[in-house]
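Spelled out, the chains give:
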Amino acid sequence: MNIHEHQAKELLEQFGIPAPKGFVAFNVKEAGEAVQRLPGPVYVIKAQIHAGGRGKGRFKEASAGEKGGVRIAKSREEIEQAAEQMLGATLVTEQTGADGRVVNRVYVTEGVEIDRELYLSALVDRATSRIAFIASSAGGMDIEQVAHDTPEKIISVSIDPASGYQAFHGRRIAFALGLEGKQVGQCVKLIGDLYKLVLDKDMSMLEINPLIVTKGGELSCLDAKFSFDSNALYRHPDVMEMRDLTEEDPAEVEASKYDLSYVKLDGSIGCMVNGAGLAMATMDIIKLCGEEPANFLDVGGGASKEKVQAAFKIILSDPSVKGILVNIFGGIMRCDIIAEGVVAAAREMEITVPLVVRLEGTNVELGKKILAESGLKITPADNLGDAAEKITAAVKEAA
Ligand code: ADP
Ligand code: MG
């Protein structure tokens, strides 16, 4: 799960990590009021969306002006004007895709005089099974580009959980960033505090781009992008409260209500499968047959009819789905429950695309009977290969 920059800044403050002061605003009035609580004379108004590249982004609406999602203001009037233009407008950045994201809140923050912009992130590195910090003196820009063009400018320091964070980790990063004097000590503390934050809050990733050295020689986190391990959210009600459903894919939000593991993908074949392994295999075999899956969907082991129905409706409501493959191996899951869920969903929403069903396992005969008696137009399949060939052929034919 991701959170907004202003929420990430609150967490930084809680952990004593330096960042410019700021306040979130949901309307123009609130944005203007922030001025009383900030030192001035320069303010920065930042669009809050779950995507980076805001500074270089552009709004779709002409009324939002020519500037991007990070704007400088020097008075209350200018803050209000920027907020007025941004709120409700759609910001398109390198990370949002062409559709962009609607800005529902802005962050009003102190304008800081920047000497240098650096890059810092921390993530769970699966290769070493450790938390690793990635740092680069080339901050403020697209780190993927830096990694591609000048990989020597990026260093990585991983922390052994047995010994924990040590000052030498921080010093190594400080020297790689070209920090000097008291900044080295500040960096050692900063990395240690960030490491604690990542651990305490079960974060999967944190990105400070840019981490800056101010004209006054101090380190400060100018931007902050945080992601959390969804499986650990139950331990963090404070983080859970920061969830902004308007930033998430509506189908994924709907799926999470029913505890379905659903991920929207770019292809055309909707998949309903039980078990993550079988779902992966189903996606693989669809690709092998020359098509692309429209989603990953694991309805889980002991799903109810209602859950299956909800899952099937999510697939049916995806306009990019041109065919559906139901692939169920009934172990704990019963095939008749799947059949009932599919039939119930089909009663609510018309199925206009080809549907191939492969059922195997517990109560398979009953499941097949329910489907056969439903009057739905279903192509049965005998095994995984057969099912994938049938659905890809049907989709190609319909196209
Ligand atoms: P994004 O990464 O989404 O573009 P950032 O917060 O990184 O947003 O802002 C982009 C750039 O805007 C920064 O690299 C920095 O140069 C400038 N900037 C952002 N916040 C401030 C601030 N509070 N004071 C001065 N400059 C800022
Ligand atoms: Mg940034």
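All values derive from a computational prediction rather than experimental measurement.

Our focus in this paragraph is the site of ligand 1. Taken together, the neighbourhood of ligand 1 is formed by 17 residues, with Lys46, Arg54, Gly55, Glu110 and Glu117 sitting nearest. Arg54 has a polar side-chain atom sitting 2.7 Å from an oxygen atom of ligand 1. Side-chain polar atom of Asp223 to an oxygen atom of ligand 1: 3.0 Å apart, as the coordinates give it. Relative to its unbound accessible surface of 540 Å², ligand 1 loses 81% to contact with the protein. Elements with a contribution of two residues or more to the shell around ligand 1: strand E2 (43–47), strand E7 (106–110), strand E8 (114–125) and strand E11 (203–214). Looking at side-chain class alone, the shell around ligand 1 contains six nonpolar, six polar and five charged residues.

On to the environment of Glu292, then. Along the chain, Glu292 falls in the loop between helix H9 (276–288) and strand E16 (295–298). On the accessibility criterion, Glu292 (39% relative accessible area) is partly exposed. For Glu292, the side chain forms a polar contact with the side chain of Lys287, separated by 2.8 Å.

It is worth spelling out the coordination of the magnesium ion (ligand 2) at this point. Protein coordination at the magnesium ion (ligand 2): the donors are Asn209 (O) and Asp223 (OD), at 2.1 to 2.2 Å from the metal. One end of the pair, Asn209, is in strand E11; the other, Asp223, is in the loop between strand E12 (219–221) and strand E13 (225–228), with 14 residues separating them in the sequence. Residue Asn209 is classed as buried on the basis of its relative accessible area, which comes to 15%.

This paragraph deals with the packing of helix H5 (residues 167–176) against helix H6 (residues 182–200). In contact at an axis separation of 8 Å, H5 and H6 are set at 125° when each is read in the N-to-C sense. By the angle between their axes, H5 is oblique relative to H6. For the crossing formed where H5 meets H6, the hand is right-handed. The segment H5 lies against H6, with Ala167, Gly170, Arg171, Ile173, Ala174 and Phe175 engaging Val184, Cys187, Val188 and Ile191. Across the contact of H5 with H6, the residue classes break down as eight nonpolar, one polar and one charged.

Moving on: the UniProt feature "binding site: substrate" (unreviewed entry) in the protein chain. In the numbering used here, UniProt assigns the feature "binding site: substrate" (unreviewed entry) to Asn274, Gly331, Ile332 and Met333. These residues run over 60 residues, yet every pair of their C-alpha atoms falls within 9.8 Å of each other. When you line up the elements, Asn274 lands in the loop between strand E15 (269–273) and H9. By relative accessible area, which is 10% here, Asn274 ends up buried.

Side chains that differ in sign of charge can pair as their charged atoms come close. Scanning the entire structure with this criterion turns up 22 salt bridges. One salt bridge connects Arg101 with Glu247, and the closest N-O pair in it is separated by 2.7 Å. A residue pair is termed long-range when its members are at least 10 positions apart, and Arg101 in strand E6 (residues 101–102) and Glu247 in the loop between helix H7 (237–240) and helix H8 (250–257) qualify at 146 residues. The exposure class of Glu247 is buried, given its relative accessible area of 8%. The closest approach of N and O atoms between Lys390 and Asp386, which form a salt bridge, is 3.1 Å.

Spatially, E3-E5-E6 is the arrangement adopted by the three strands of the open sheet, whose pairing is antiparallel. Strands at the two margins of the open sheet, each flanked by one partner only, are strand E3 (58–59) and E6. In terms of strand pairing, E3 meets strand E5 (residues 90–92) through two bridges, oriented antiparallel. Across the sheet, residue Phe59 finds its bridge partner in E5, namely Leu91.

Most of E11 is tucked away: 10 of the 12 residues are buried. Across eight bridges, E8 lies against E11 in antiparallel orientation. The residue of E11 that forms the bridge with Leu118 is Leu211. Bridge analysis of E11 against E12 gives three bridges, and the strand direction is antiparallel. Bridge assignment links Leu211 to a residue of E12, and that residue is Cys221.

We now examine H6. A rise of 1.5 Å per residue sets the reference length of H6, with its 19 residues, at 27 Å; its end C-alpha atoms lie 27 Å apart and thus fit the reference within 8%. Every buried residue belonging to H6 is among Gln183, Val184, Cys187, Val188, Leu190, Ile191, Gly192, Asp193, Leu194, Tyr195, Leu197 and Val198, and all of these are buried. Of the residues trailing H6, Asp202 is marked for its positive phi of about 50°.

Criteria and cut-off values
- Residues numbered from 1 in each chain as written.
- Chains lettered and ligands numbered in written order.
- Predicted model: local features only at pLDDT ≥ 70, side-chain atom pairs only at ≥ 80, totals over all residues.
- Heavy atoms only, no water.
- Near = heavy atom within 4 Å.
- Polar contact = N/O pair within 3.5 Å; in protein donor to acceptor, adjacent residues only side chain to side chain.
- Areas by Shrake-Rupley, 256 points an atom, 1.4 Å probe, with all protein chains shown as cover.
- Helix = DSSP H or I, 4+ residues; strand = E, 2+ residues; numbered from the N terminus.
- Nonpolar A, V, L, I, M, F, W, Y, C, P; charged D, E, K, R; others polar.
- Buried < 20%, exposed > 50% of the residue type's maximum accessible area, 1.4 Å probe, protein only.
- Donors = N, O, S within 2.8 Å, 3.2 Å for Na, K, Ca; no water.
- Axes fitted to C-alpha atoms, helices over the stretch in contact; angles between N-to-C directions.
- Parallel < 35°, antiparallel > 145°, perpendicular 65-115°, else oblique.
- Left-handed = near helix turned anticlockwise from the far one by under 90°.
- Contact = heavy atoms within 4.5 Å.
- UniProt positions renumbered as here; feature names shortened; annotations may be inferred.
- Salt bridge = Lys/Arg side-chain N within 4 Å of Asp/Glu carboxyl O.
- Pairing = 2+ DSSP bridges.
- Expected span 1.5 Å × (residues − 1).

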